[in-house]
Protein chains: 2
Amino acid sequence: MEASIRQLDAFFNPKSVTVVGATKKINKAGHVIFKNFVENKRRGVFKGEIYPVNPHEDYILGFQCYPKLTKIPGELELVVIVVPAKTVPEIMKDAATKNAKAVVIISSGFGEIGNHELEREVVEIAKKAEIRVLGPNCLGVYDSRTGVDMLFLPETKILTTGEEVVATPRPMMGNMAIVTQSGAFGAAALDYLAGRQMGVSKFVSFGNKSDVDEAEMLHYLLYDKETKVILLYVEDVKNGRAFIEAASKVTRKKPVIAIKAGKTEAGAKAAASHTGAIAGADEIYAAAFKQTGILRVRDMEEFFDAAKALVMQPPAAGKNVAIITDAGGPGIMAADECELQGMVVKRFSEKTLEKFERLKEEGKLPKFATNINPVDVTGSATSEMFEYAAELVFQDPEIHGVILLGLHHTPALQEDYIDRVARVASKYNKPIVTCDIGETEMALHIRSRFDKLGIPAYPSPEDAARAMGALVKYGLYLKKKGFFEEYMRNFLKEKQKQPIQTLL
Amino acid sequence: MEASIRQLDAFFNPKSVTVVGATKKINKAGHVIFKNFVENKRRGVFKGEIYPVNPHEDYILGFQCYPKLTKIPGELELVVIVVPAKTVPEIMKDAATKNAKAVVIISSGFGEIGNHELEREVVEIAKKAEIRVLGPNCLGVYDSRTGVDMLFLPETKILTTGEEVVATPRPMMGNMAIVTQSGAFGAAALDYLAGRQMGVSKFVSFGNKSDVDEAEMLHYLLYDKETKVILLYVEDVKNGRAFIEAASKVTRKKPVIAIKAGKTEAGAKAAASHTGAIAGADEIYAAAFKQTGILRVRDMEEFFDAAKALVMQPPAAGKNVAIITDAGGPGIMAADECELQGMVVKRFSEKTLEKFERLKEEGKLPKFATNINPVDVTGSATSEMFEYAAELVFQDPEIHGVILLGLHHTPALQEDYIDRVARVASKYNKPIVTCDIGETEMALHIRSRFDKLGIPAYPSPEDAARAMGALVKYGLYLKKKGFFEEYMRNFLKEKQKQPIQTLL
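Residues numbered from 1 in each chain as written. Chains lettered and ligands numbered in written order. Predicted model: local features only at pLDDT ≥ 70, side-chain atom pairs only at ≥ 80, totals over all residues.

1. Here's the deal with the overall build of chain A
Logical step 1: Regarding its fold elements, chain A presents 17 helices and 21 strands.
Logical step 2: Each principal axis of the C-alpha distribution contributes one length, and for chain A these read about 85 × 50 × 40 Å.
Logical step 3: Burial status across chain A gives 60% buried among its 504 residues.
Logical step 4: The long-range share in chain A, meaning contacts at least 24 apart out of those at least 6 apart in sequence, stands at 73%. (Helix = DSSP H or I, 4+ residues; strand = E, 2+ residues; numbered from the N terminus. Buried ≥ 20, exposed ≤ 12 C-beta atoms within 10 Å, placed from the backbone. Contact = placed C-beta atoms within 7 Å.)

Below, the structure written as C-alpha cells:
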C-alpha cells in the first residue's frame, strides 16, 4: 500500500477514534457522532477503540471520558473535532503530541467566514506532525462497511404532531462513493440514495478542504475494493494539475461522475459567497473533465441515474443504440434524447431486419410491429415478444446498447417479461437500461424488479436515454484510451461473483 | 355557446352513449369501455343513457343490447366504435341515419397501417352527416367530472404471483387537460398524475386525428371551466394555420405546455414509422410555439413539473428570482439552472440588504447567513428564519418570483416552516416554488404538505428552478401580449374561491 493511501485509510478504517467534544447533550453534534461509533461498536461493525474527550464528564454512554487528548492512555489514530473553532489549534497540538494520524474538523468558523489565519495555523501544526486533515466545516466520513459514521444530522425528527419520522437515513452498503464539497448536498444525496435502495461504499464531505482534497480522495478510492463508481460534487478545484493527474488515473478503472456547481455567473457568485470558492471559467472545468474522462452531468437526477447505470451495467463499445418499445410515443421521446446525447439510433442491418420479418411470419411478433429502430412491438405486446425482440437486437453486432421501454399499461403484457429480458441480456456483454412510466403499484413493481436483476430502470424515456448516454460516453472514453478491454474483463469478473438470479 | 364548441361537447358530456362492439368477454376493449359507463352511471357520475350494440347478445351488464345502431329507439348523441376496421363504414352510415353527433373510433387498422382509403371513406360519410369524429386508432376520452371514460386498458392486472395490482389508474378530478397524439403516452401520463396526486379535468387521445385535431381541441378547452392548464403531446400538426390561430387565442387565458416528439432526425424517423406522421423541420415548430406562447419543455418530467407550477401559482411579472436556502450547495445548483433558463438571480436592492442586516443584528438570522442572493440561512436554519427571509424577499419590488430550498436535514428545522412560508406567500401575488431533496418520510411529508398548501414542491433544485422558469416564461409572454393583468385578475379570483388553510 502506498504511503499516501495508508495515511488516508485512517479516516475510513481506524484502529481508534477519539471524539473531542463528545457530550451527553443529545441534540449536540458531539453527542450524535460519539453515539454513532458506540452503536456501531456494539453492533460489531466498528472494530476500533473509542475515546470521548470532554473535561466536564467522567463517562459518556458507558465510556470513560478524558479531559484532553494527551490524557488518553492508548494510541490515537483518528481524531474527530466538534468544538468551537478557536480551541482547535490547542487540540491539534495535543493530537500531534499523541502522534495521531488523521483529524476531521467538523467545526465551522474558519476560512468560510473569513478566519483564514486560524485555518492556516491549524493546518501548519498538522503538517509539521504529519497529520492529515479533513475539513474544517464539513460532515466528515461515513463508511457503510467499517462503521465509521460522523454524520451528526438527526437520523429521525419529531414532527410538531409528535410523530417521529426518518430524516437523515444511512443508505445500505453498496458500490458508489460520494465525494462532496457541500455537506448539505451530501446529506441530501444519502437521503435520496437510501430511499431509492441504492448502496453507498464511502461518503466524504470536504468542507473547506484545508488539506485533503478531491485529487487525493479520488486516488484513494481507486484502490478501494468496495467502490465501483465515484460521485463527485465540486464547486472549485484548487490544485488543478493534481486533480487532472489523479482523475486520469482513476477513470481508467472507475467511472467518475461530476456535478460542477457554479457553472454559470449566477452560480459562481453564489458559490463565492457560500464557501469563498472562486469557481473560475467553466470552460476550463469542461476541458479538464473531458480530458480526464470525468462524466459531467446536467443536474442532480442525471447524477444519480448515471451512477446507477454504471454500477449495474458494462460500458457500451460504441454509440449505436437499439430501442425496443410497446409504446410508440415514448419510443420517439427516447430516440430524440438519444440523438441529443450523441448516440445513434440507426436502421438495423438487413440481416436483423430479415430475422424480424421471419418472427412476424411465424406469428411471434405482431404483423404491424415496426422493426426498423425503434422496434415497436405495439399495444399487443406480450412477454415473449419483448424476449424475441431483445434477443434479435442483442445479436446484431452493430448494436452497442439497448434501451427497452416496457410500458405495463398494454393489456396483454405480464411482468415476467422482466426476467425473460434479463436472461437474454445476461448472455451478452452489452449494456441495457429500461423504463416504465407511472407511479402506481405495477410501475413501481416493474422498475424495482429490473433493478433487482441488475438492469437499471428509470421512470421516463429521457431518463433512460441519458443513462445509456453515460454508458456510451464512458465506453467511448475507455476505447479511446485503450482501457476498454481491461475494464470489461474486470467488470465481468465482478459480475460473475454476483450472478443475477432470474425466476425462469 | 359557439356551434363548434357545442359539437365537441358531445364527446365529453353526451345525453347518450352507444358502444358498438360492447361484449360480455371481460378481456375485450368493448367490455371494459361499456362497463366504465355502466359503473359511472350506477355511481351517479355519468348521467346520460347507455346502449350496447352487439348482434350476438340480448343483454350486457343488465342493459338491453341492440343488433345495430338503427334499432335503438332513443336519440343517439355519442357513439363509440370498438369493432374491426372494415366494418366501420357500415356503422358510420347507421350513425348518420340516427343523426349521431359524435363518433369515437377506438379501433385501429386505418391510415396508421396504410389503409388510407378506408379512413377517407369513413370520414366522408361522417362529414356528409355532420358527425364529428375522434380517432381512429385512439384511446378516446376520459372526463373526470362527467364520467365519460373510454379507457380500455386494464385498471388492475394480476401478476404471475396471483397478486392484483393497480395498472392504469384514473387520476383525481383536477385542472389539467391532457391532449395527446400518442395513446400510450396518454395512459402513462394518467398513471404518473394519479400517483403524484395531480388532478385531471379532461383527457383526449387523438390517434390518427382524421377529423377533430389539436386546434379544435385547444379551442374547445379554452371554454372548459375545469381546465386551467393544457398539456399537449404532439408528433405532427397537419393544419398549421388553424393550430397557430387557436393556440394564440388559448394561451392568453390558459397556459399550454407542449412536448414535441420527433424533434431530432432519429425521433422524426421513429414518428414516421409509428404513425406515418411527417414531423417537419423542428425549427418551424419552435417558431410556432414561440409565436403562440406555447411553453415547450425538454422532457417528460419538465412537462408535468411545469403543469403543476402553472396550476398552483400565478405567473411571474418579470425574470428576477430570489433563492432562499438552508443548503449552500443546492442553492448554487438552483442559481445555475435559473441562469440557464433565462432568469436573473441578481443582488438584492440596498433596501432589502439593509433589512437583512437588521434581522441579523436582532439575532433573527444567523450572523454568518449570506444575504445577497441566494439567501443562505445556513445549517442553523429554523422555521422562523425561513419565514423572515421569505417576507423580506417577497417585499422587494424588484423580485418577481421566489425559489425556496428547505432541506429538512438541518438539525433545528421543524416542518412548521411550510405553513409559515405559505402564510407569507399568500399575502403577495408573486409565484413561489420549493424543493426538498430526499426520498425518506420527512422529505415526502414536506413536499406533500407544500403541495397541499398550493405551493408546488420538487425533489431537486434544478426541477424547482425549471418550474419557476415556466412561470417566468409564461408571465413574460402575457406581459408582451398585454394579457398579464387580466390573467392575474382571473387567477386570483379563482384562488379566492379555494383559499389555502395553513395550520397557523
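Next comes the rest of the account.
2. With respect to helix H1 (residues 3-12) of chain A
Logical step 1: Turning to H1 of chain A, its buried residues are Leu 8, Ala 10, Phe 11 and Phe 12 of chain A.
Logical step 2: Turning to H1 of chain A, the residues buried within the fold contact strand E5 (78-81), strand E6 (102-105), strand E7 (132-134), strand E8 (140-143), strand E12 (200-205) and helix H6 (214-222) of chain A.

3. Description of the relation of the copies chain A and chain B
Logical step 1: Mapping chain A onto chain B calls for a rotation angle of 180 degrees and an axial translation of 0.0 Å; the resulting RMSD is 0.0 Å. Considering both components of the superposition, the chain copies are consistent with a two-fold axis. The C-alpha atom lying nearest the rotation axis in chain A is that of Glu 301 of chain A; the distance is 5.4 Å.
Logical step 2: Mapped onto chain B, 100% of the interface residues of chain A again fall at the interface, so both copies present the same surface. (Least-squares fit on C-alpha atoms with pLDDT ≥ 70 in both.)

4. Considering the domain arrangement of chain A
Residue and element names in this part refer to chain A.
Logical step 1: Domain boundaries assigned for chain A yield domain 1 (1-148), domain 2 (153-312) and domain 3 (315-497).
Logical step 2: Look at where the C-alpha atoms of domain 2 and domain 3 centre, and you get two points 29 Å apart.
Logical step 3: Between domain 2 and domain 3, the residue contacts involve 13 residues of the former and 16 residues of the latter.
Logical step 4: Of all the elements, helix H10 (residues 300-312) adds the most residues to the side of domain 2 that touches domain 3, at seven residues.
Logical step 5: Taken together, the residues of the side of domain 2 that touches domain 3 sort by class into six nonpolar, two polar and five charged. (Domains from an automatic or database assignment. Nonpolar A, V, L, I, M, F, W, Y, C, P; charged D, E, K, R; others polar.)

5. Here's the deal with the pairing of strand E19 (residues 401-405) of chain A
Residues and elements named next belong to chain A.
Logical step 1: Counting buried positions along E19 yields five of five residues, so the element is predominantly enclosed.
Logical step 2: On E19, burial covers both faces: Gly 401, Ile 403 and Leu 405 on one face and Val 402 and Leu 404 on the other are all buried.
Logical step 3: The pairing of strand E16 (residues 321-325) with E19 spans five bridges and is classified as parallel. Within E19, the residue paired with Thr 325 across the bridge is Leu 405. (Pairing = 2+ DSSP bridges.)

6. Notes on the interface of chain A and chain B
Logical step 1: Between chain A and chain B, the residue contacts involve 77 residues of the former and 77 residues of the latter.
Logical step 2: For the side of chain A that touches chain B, the elements supplying multiple residues, two or more each, are strand E10 (164-166), helix H5 (183-195), helix H8 (265-275), H10, helix H11 (328-340), helix H15 (441-452) and helix H16 (461-481) of chain A.
Logical step 3: At 12 residues, the largest contribution of residues to the side of chain A that touches chain B is made by H11 of chain A.
Logical step 4: Of the residues belonging to the side of chain A that touches chain B, the class tally is 37 nonpolar, 23 polar and 17 charged.

7. Here we look at helix H3 (residues 88-97) of chain B
Residues and elements named next belong to chain B.
Logical step 1: Listed in full, the buried residues belonging to H3 are Val 88, Ile 91, Met 92, Asp 94 and Ala 95. For H3, the angular spread of the buried residues around the axis is 160 degrees, confining them to a single face.
Logical step 2: Looking one or two places after H3, you find Asn 99, whose phi comes out positive at around 60 degrees. (Arc of directions from axis to C-beta.)

8. A short note on the environment of Thr 382 of chain A
Residue and element names in this part refer to chain A.
Logical step 1: Inspection of the secondary structure puts Thr 382 in the loop between strand E18 (375-376) and helix H13 (383-395).
Logical step 2: As a C-alpha pair, Thr 382 and Lys 15 span 367 residues in sequence and 57 Å in three-dimensional space.
Logical step 3: Excluding its chain neighbours within four sequence positions, the residues that come into contact with Thr 382 are Ala 412 and Leu 413.

9. Digging into the sheet that holds strand E19 (residues 401-405) of chain B
The pairing of strands in a sheet comes from backbone hydrogen bonds and takes either a parallel or an antiparallel form.
All names here are of chain B.
Logical step 1: In space, the six strands of this open sheet follow the order E17-E18-E16-E19-E20-E21, with mixed pairing throughout. Edge positions in the sheet fall to strand E17 (370-371) and strand E21 (457-458), since each has one partner strand and no second.
Logical step 2: Seen against the sheet, helix H13 (residues 383-395) touches strand E16 (321-325), strand E18 (375-376) and E19 and runs at an angle of roughly 170 degrees to E16. (Axes fitted to C-alpha atoms, helices over the stretch in contact; angles between N-to-C directions.)

10. What about the pairing of strand E1 (residues 16-20) of chain A?
Residue and element names in this part refer to chain A.
Logical step 1: Counting buried positions over the five residues of E1 gives four, a clear majority of the element.
Logical step 2: One ladder, built from five bridges, connects E1 with strand E2 (residues 49-53); its direction is parallel. Among the inter-strand pairings, Thr 18 is bridged to a residue of E2, identified as Tyr 51.
Logical step 3: Sheet analysis places E1 next to E5, joined by four bridges and oriented parallel.

11. Here's the deal with unusual backbone geometry
Note: most peptide bonds trans; most residues except glycine with negative phi.
Logical step 1: Gly 135 of chain A connects to Pro 136 of chain A through a cis peptide bond whose omega is 0 degrees.
Logical step 2: Considering the arrangement of structural elements, one finds Pro 136 of chain A in the loop between E7 and E8.
Logical step 3: In the segment running from Asn 373 of chain B into Pro 374 of chain B, the intervening peptide bond is cis, with an omega of 5 degrees.
Logical step 4: Within the element layout of this structure, Pro 374 of chain B appears in the loop between E17 and E18.
Logical step 5: A positive phi angle, close to 55 degrees, is found at Asn 99 of chain A, a residue other than glycine.
Logical step 6: Turning to its location among the elements, Asn 99 of chain A is positioned in the loop between helix H3 (88-97) and E6.

12. Description of the packing of H6 of chain A against helix H7 (residues 240-250) of chain A
Residues and elements named next belong to chain A.
Logical step 1: Across the interface, H6 lies against H7 with an axial gap of 8 Å and an inter-helix angle of 20 degrees. Considering the angle they form, H6 stands roughly parallel to H7. For H6 against H7, the interelement crossing comes out left-handed. On H7, the residues touching Glu 214, Ala 215, Leu 218, His 219 and Leu 222 of H6 are Ala 242, Phe 243, Ala 246, Ala 247, Lys 249 and Val 250. (Parallel < 35°, antiparallel > 145°, perpendicular 65-115°, else oblique. Left-handed = near helix turned anticlockwise from the far one by under 90°.)

13. Describing the nonpolar core
The tendency in soluble globular proteins is for nonpolar side chains to be buried side by side.
Logical step 1: Core analysis: the largest hydrophobic core is formed by 351 residues, its most contacted members being Val 80, Ile 81 and Val 103 of chain A together with Val 80, Ile 81 and Val 103 of chain B.
Logical step 2: With residues near it in sequence (within four places) discarded, Val 80 of chain B still touches Val 17, Val 19, Val 20, Ile 33, Val 104, Ile 106, Gly 140 and Met 150 of chain B. (Core = buried A, V, L, I, M, F, W, Y, C linked by C-beta atoms within 7 Å.)

14. Observations regarding the sheet that holds strand E7 (residues 132-134) of chain B
Residues and elements named next belong to chain B.
Logical step 1: Read from one edge to the other, the open sheet built from five strands follows the order E2-E1-E5-E6-E7, with strand pairing classed as parallel. Since the sheet does not close on itself, it has two edges, and those belong to strand E2 (49-53) and E7, each with one partner. Between one strand and the next, the sheet's axes are offset by a mean angle of 20 degrees, whatever the strand orientation.

15. Some points on the environment of Asp 376 of chain A
Residues and elements named next belong to chain A.
Logical step 1: Position of Asp 376 relative to the elements: it lies in strand E18.
Logical step 2: Asp 376 gets classed as buried once you count the C-beta atoms within 10 Å, which come to 28.
Logical step 3: For the pair Asp 376 and Gly 331, spaced 45 residues apart in sequence, the C-alpha to C-alpha distance is 7.7 Å.

16. A few points about the environment of Tyr 233 of chain A
Logical step 1: Within the element layout of this structure, Tyr 233 of chain A appears in strand E13 (residues 229-234).
Logical step 2: Assessed through the 26 C-beta atoms surrounding it within 10 Å, Tyr 233 of chain A is described here as buried.
Logical step 3: Separated by 53 residues in sequence, Tyr 233 of chain A and Thr 180 of chain A have C-alpha atoms that sit 4.6 Å apart.
Logical step 4: Each residue touching Tyr 233 of chain A, except ones within four places of it in the same chain, is listed here: Thr 180, Gln 181, Ser 182, Phe 185, Ile 259 and Ala 261 of chain A together with Gly 329 of chain B.

17. Thoughts on the packing of H5 of chain A against helix H11 (residues 328-340) of chain B
In a packed pair of helices, the relevant descriptors are the angle between the two axes and the axis-to-axis distance.
Logical step 1: Two elements in contact, H5 of chain A and H11 of chain B, have axes whose closest approach is 5 Å; the angle formed by their N-to-C orientations is 90 degrees. With respect to their mutual orientation, H5 of chain A and H11 of chain B come out roughly perpendicular. Residue-level inspection shows Ala 184, Phe 185 and Ala 188 of chain A of H5 of chain A in contact with H11 of chain B, the latter providing Gly 328, Gly 329 and Pro 330 of chain B.
Logical step 2: When its residues are assigned to classes, the contact of H5 of chain A with H11 of chain B shows four nonpolar, two polar and no charged.

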